[in-house]
Amino acid sequence: MPLLKRFREQVLKNRMAVVALLVECFFLLAVCAAQTIQVDITPAHSTNRFVPNETLGAGVDRIPAAAIDHDLLQPTLDKVFASGWQPVTYRQNTELAIEAWHWNPQGTWSDPSGKGYFTGSATPTEAIRYSYGYSLPHRGTTRNDGTGNAGFSRLTDGDLNTYWKSSPYLTRRFTGESDSLHPQWVILDLTQNQMVDSIRIAWANPYATHYVVQYWTGDDPIKAQTKGVWETFPHGTITNGKGGTETIRLSDSPMPIHFVRILMTESSNSCDSHQSADPKLADPRNCVGYAIRELYLGTTTADGAFHDILRHTPDQEQTATYCSSVDPWHEPSDLLTTLQAQVGFDIFYTSGVTRGLPAMMPVALLYDTPENAVAEIEYLKKRNYPISYVEMGEESDGQFMVPEDYGALYLQWATALHRVDPGLKLGGPSFQGVNKDIEVWPDANGKVSWLGRFLDYLRQHGRMNDLAFFSFEHYPYDGCKTPWGTLYDEPDLVNHIMQVWREDGVPSNLPVFITESNLSSAASETYMDMFAGVWLADYIGSFLNAGGNGVYYFHYLPLQMEHGCNDSPGTFGMFTVDINYQIQQPLSQFFVSQLINLEWVQPGSGEHQVFPAKGDVDDGAGHALVTAYAVKRPDGQWSVMAVNRDQQNAHRVRIRFQDQASQGTSFLSGPVEISTFGKNQYQWHPAETRFMAHSEHAGEQPVVATTKGTAEPDGPVMHSKQTGGKDAFYDLPAASVVVIRGKIGGK
């Protein structure tokens, strides 16, 4: 028995030794398999410097009035502030909807009868809680990316008592330049080729005396402006327009036409229907530009009869039209709703949402007057509200405005605003979220870059000093098409567009801001998924690494779910809320916001340095599965934000810091703090839906949610510590963002 017992003990001992050896081997294999994040800390290679409470911000837009009433209160604001975003940019939405902005509901009209051009009161009286947009009765665009399917153009509304009119501020009286340098235009979209040989124009005053009628040779002159040219019809040049109703035989025989443009270069300068008979009340804005009551297009038969092919109706079913500009004249009845509002300036600044920091404020420019913009700034200054920057207009490219016209308005507004305060930092143009250069119909020199030509306009007028920053928006994806693999594109998209702007002529010392951003301009269920959190980390890191100077997350305040892409509900905010806007759950972007603002960077006013970092984990097809962003914080710590874009697989990484100047290699040493957010911390479970062939209630969508989406688990960020060292490795769970922070040492 003793012999057998000793034998068994020896076998057990050896088995334990074998197990220990196997464990050690697996450990070594894991270490050997670990990939590496290389951080280049060569001082000369630093890519950027920034201060968090000036650089990492969020945006507040026009929202439901009920959201204003509930969101700008405690405890909601404290929950919002927990995301860590700092400065705020006030987004000006009315111009997207082709509206005039009454930033102050109190003010004066240019016409004493109470209509015309509105100027808000610069005198503070009662606190402004809401402000509104007024639709423009001389609108000439059926729809754009901001109006949705609301409103309509007056060019094909079937009513001869209404008319489109161009902006008076693009005429010689206000620009000081020949009207031919700012030609105004309207475009008809026939949706497909139609046989055309004649046009009928019912002019209003002022009418065009010189104009040409043209057709487009490409596919789409609005969405692909360099993929074709405008050709003038054989009989389309008019040099002695008389106004009234003109019928013009454009060609001897019908031609297949999809798009038609009327390009106007000289005005009659006769006064429109708003001009007063009293010379003392004369307003020159009523007597410049161009106006058209209705357009008709088609063919003329041998008997002289004109046959119209357009659809004339005051809704979205009309033949679609586009225009170069719109006269901002309007009247009180043009306020169509108060259910949505711009946040009133006083509640914006006094609620605490700005955290007491200077805010980027907008002025309306495309559909407004310089007097109204001046009054706005005077009001803010009288209230002693701090302004960091002033953004001039909103998405002029999305309003189809050519760069020279925007430039002419920009300089008029800049001149007026700098009389109020020469130190105001003005900028723009707040481009729509694009991933490539914005191209327009070529100018006389063949140049097609919108931004390049705008900058040329400023330089030619000796006014580059009036541009204190350049701004654009970032909505990189089609919200209806977001497979996981699109995440691989984000760093390249950011780097590319930043390079494009510099190549277009943005000076290297001019600050570049992304003043509005998220996944897509269309909400969807993807916004709540972990996908959105992973994207956000890559986006912020990439932009700062590319030299960006300020970035604003959108939307800061909690919003209810919207009907989104593929009939999925979505929200641009960081939370789900109930019907009373009470926060229910934080979403993935809230937690990643915390990682960025509270873990990766040191909150406050200390300067951070950005250094290039790169992982060597890829998917075998050249896509980096792990991206990394490194900063040296003012507290002396090095902080690496690692993004594992691998949806299914965890990765283990080492971190190496290399200084090419000293030929040294370092690593994190001593205590290392790790903050992790991935699938173990957050999973979104979408709403269940059902289809109805015919809606049960008027206006309902055919697909409706029967259950609400929910996150489970729903955070928080996991915090841990470990000891650094030369052979230390760090775990990156699948689909995660991990911040690894500590001090470096060793060789």
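For the structure itself, look to the data block above.
Not measured: the values here are computed from a predicted model. (Residues numbered from 1 in each chain as written. Predicted model: local features only at pLDDT ≥ 70, side-chain atom pairs only at ≥ 80, totals over all residues. Heavy atoms only, no water.)

> What exactly am I supposed to notice about the packing of helix 8 (residues 403-420) against helix 9 (residues 450-460) here?
When two helices pack together, their arrangement is given by the angle between their axes and by how far apart the axes lie. As a packed pair, helix 8 and helix 9 sit with axes 8 Å apart at the nearest point and diverge in direction by 40 degrees. Comparing their axes, helix 9 and helix 8 come out oblique. As for how helix 8 packs across helix 9, the hand of that crossing is right-handed. Between helix 8, through Pro403, Glu404, Tyr406, Gly407, Ala408, Tyr410 and Leu411, and helix 9, the contact on the second element is made entirely by Trp450, Arg453, Phe454, Tyr457 and Leu458. (Axes fitted to C-alpha atoms, helices over the stretch in contact; angles between N-to-C directions. Helix = DSSP H or I, 4+ residues; strand = E, 2+ residues; numbered from the N terminus. Parallel < 35°, antiparallel > 145°, perpendicular 65-115°, else oblique. Left-handed = near helix turned anticlockwise from the far one by under 90°. Contact = heavy atoms within 4.5 Å.)

> Please explain the packing of helix 10 (residues 490-503) against helix 11 (residues 530-545) as it appears in this structure.
Packing of helix 10 against helix 11 leaves a shortest axis separation of 9 Å and a crossing angle of 30 degrees. Taken as axis vectors, helix 10 and helix 11 run roughly parallel relative to one another. As helix 10 runs across helix 11, the sense of the crossing is right-handed. Residues Glu490, Pro491, Val494, Asn495 and Met498 of helix 10 pack against Trp535, Asp538, Tyr539, Ser542 and Phe543 of helix 11. Its residues assigned to classes, the contact of helix 10 with helix 11 comprises six nonpolar, two polar and two charged. (Nonpolar A, V, L, I, M, F, W, Y, C, P; charged D, E, K, R; others polar.)

> Just to check I follow, could you spell out helix 8 for this structure?
The periodicity of an α-helix, 3.6 residues per turn, causes residues three or four positions apart to be oriented the same way. Between its first and last C-alpha atoms helix 8 spans 26 Å; for 18 residues at 1.5 Å apiece the expected length is 26 Å, and the two agree. Counting buried residues along helix 8, 15 of its 18 residues qualify, which places the element largely inside the surrounding structure. (Expected span 1.5 Å × (residues − 1). Buried < 20%, exposed > 50% of the residue type's maximum accessible area, 1.4 Å probe, protein only.)

> Got a minute to help me understand the pairing of strand 17 (residues 291-300) in this structure?
Here is the key point about a regular strand: its side chains alternate between the two faces of the sheet. Of all ten residues making up strand 17, nine are buried, and the element is well covered by its neighbours. The pairing of strand 10 (residues 164-165) with strand 17 spans two bridges and is classified as antiparallel. Residue pairing for strand 17: tryptophan 164 is matched across the bridge by isoleucine 292. By the bridge criterion, six bridges tie strand 12 (residues 198-203) to strand 17 in an arrangement that is antiparallel. (Pairing = 2+ DSSP bridges.)

> When you look at the environment of proline 332 in this model, what are you seeing that I'm missing?
Locating proline 332 in the fold gives a position in the loop between strand 19 (320-323) and strand 20 (340-343). Those residues in contact with proline 332 that sit more than four places away from it in its chain are Trp109, Gly114, Lys115 and Tyr134.

> In this structure, what is going on with the sheet that holds strand 6 (residues 99-102)? I would like to understand it.
In a beta sheet, neighbouring strands are held together by backbone hydrogen bonds and run either parallel or antiparallel to one another. Taken together, the four strands give an open sheet; going across it, the order is 4-20-9-6, and neighbouring strands pair in antiparallel fashion. Because the sheet does not close on itself, it has two edges, and the strands there are strand 4 (63-64) and strand 6. By the bridge criterion, two bridges tie strand 9 (residues 130-135) to strand 20 in an arrangement that is antiparallel. In the sheet register, serine 131 faces strand 20, and the bridge partner there is glutamine 342.

> Please clarify how the pairing of strand 34 (residues 638-644) should be interpreted in this entry.
Strand 34 sits mainly inside the fold: seven of its seven residues count as buried. Burial along strand 34 is two-sided: Trp638, Val640, Ala642 and Asn644 and Ser639, Met641 and Val643, pointing in opposite directions, are all buried. Judged from the seven bridges that link them, strand 33 (residues 626-632) and strand 34 form a sheet pairing that is antiparallel. Paired with lysine 632 across the strands is tryptophan 638, a residue of strand 34. Taking the residues between adjacent antiparallel strands as the criterion, strand 33 and strand 34 are bridged by five residues, where glycine 636 takes a positive phi near 90 degrees. For strand 34 and strand 43 (residues 736-745), the ladder comprises seven bridges, and the chain directions are antiparallel. Across the sheet, valine 640 pairs through a bridge with isoleucine 740, a residue of strand 43.

> Help me understand the pattern of salt bridges in this model?
A side chain of one charge can pair with a side chain of the opposite charge when the charged atoms of the two come close. Under the definition given, this model contains 23 salt bridges. Among the salt bridges present, the one from arginine 459 reaches aspartate 456, with a minimum N-O distance of 4.0 Å. With arginine 459 and aspartate 456 both in helix 9 and three residues apart, the pair spans about one turn of that helix. Judged by its relative accessible area of 24%, aspartate 456 falls in the partly exposed class. (Salt bridge = Lys/Arg side-chain N within 4 Å of Asp/Glu carboxyl O.)

> What exactly am I supposed to notice about the nonpolar core here?
Generally speaking, a soluble globular protein has its nonpolar side chains buried in company with each other. Core analysis: the largest hydrophobic core is formed by 166 residues, its most contacted members being Met392 and Trp501. A per-element tally of this core places helix 11 first, with eleven residues. Leu625, Ala642, Val653 and Ile655 belong to the second-largest nonpolar core, a separate cluster that totals 25 residues. (Core = buried A, V, L, I, M, F, W, Y, C linked by side-chain atoms within 4.5 Å.)

> Help me out: how do you make sense of the packing of aromatic side chains in this one?
In this description, an aromatic ring pair is defined by two values, namely the gap between the centres and the angle between the planes. For the structure shown, the criterion picks out 45 aromatic pairs. Both rings, one in tyrosine 169 and one in phenylalanine 174, keep their centres 4.8 Å apart while their planes meet at 55 degrees; by these two values the pair is tilted. On the basis of an interplanar angle of 50 degrees and a centroid distance of 5.1 Å, the ring pair of phenylalanine 575 and phenylalanine 590 is categorised as tilted. Note that phenylalanine 575 is positioned in strand 29 (residues 575-577) and phenylalanine 590 in helix 12 (residues 588-600), a separation of 15 residues in sequence. Using a relative accessible area of 3% as the deciding quantity, one classes phenylalanine 575 as buried. Through successive ring pairs, a cluster of aromatic residues spans Tyr90, Trp101, Trp103, Phe345, Phe348, Tyr349, Tyr379 and Tyr385. For the cation-ring pair, arginine 154 lies above phenylalanine 152, with the distance from its terminal atom to the ring centre recorded as 4.2 Å. The ring of tryptophan 441 has arginine 261 lying over it, and the distance from NZ or CZ to the ring centre is 4.9 Å. (Phe/Tyr/Trp six-rings, centres within 6.5 Å; stacked < 30°, edge-to-face > 60°. Lys NZ or Arg CZ within 6 Å of the ring centre and 35° of its normal.)

> Help me understand the sheet that holds strand 16 (residues 255-267) in this model?
As summarised here, the arrangement of the five strands in space is 14-13-16-11-19, forming an open sheet in which the pairing is antiparallel. Unpaired on one side and paired on the other, strand 14 (230-238) and strand 19 mark the two borders of the sheet. Taken pair by pair, the neighbouring strands of this sheet meet at an average axis angle of 25 degrees, ignoring direction. Pairing analysis gives nine bridges linking strand 11 (residues 184-196) to strand 16, with the strands arranged antiparallel. Considered in strand 16, the bridge of leucine 188 is made with valine 260.

> Is there a simple way to explain the environment of phenylalanine 348 in this structure?
With respect to the element layout, phenylalanine 348 can be found in helix 6 (residues 345-350). Since its relative accessible area comes to 1%, phenylalanine 348 is described here as buried. In this structure, the C-alpha to C-alpha distance between phenylalanine 348 and alanine 127, residues 221 residues apart in sequence, is 10 Å. Residue contacts for phenylalanine 348: discarding those within four places in its chain leaves Val60, Val88, Tyr90, Val343, Val353, Thr354, Ala359 and Met361.

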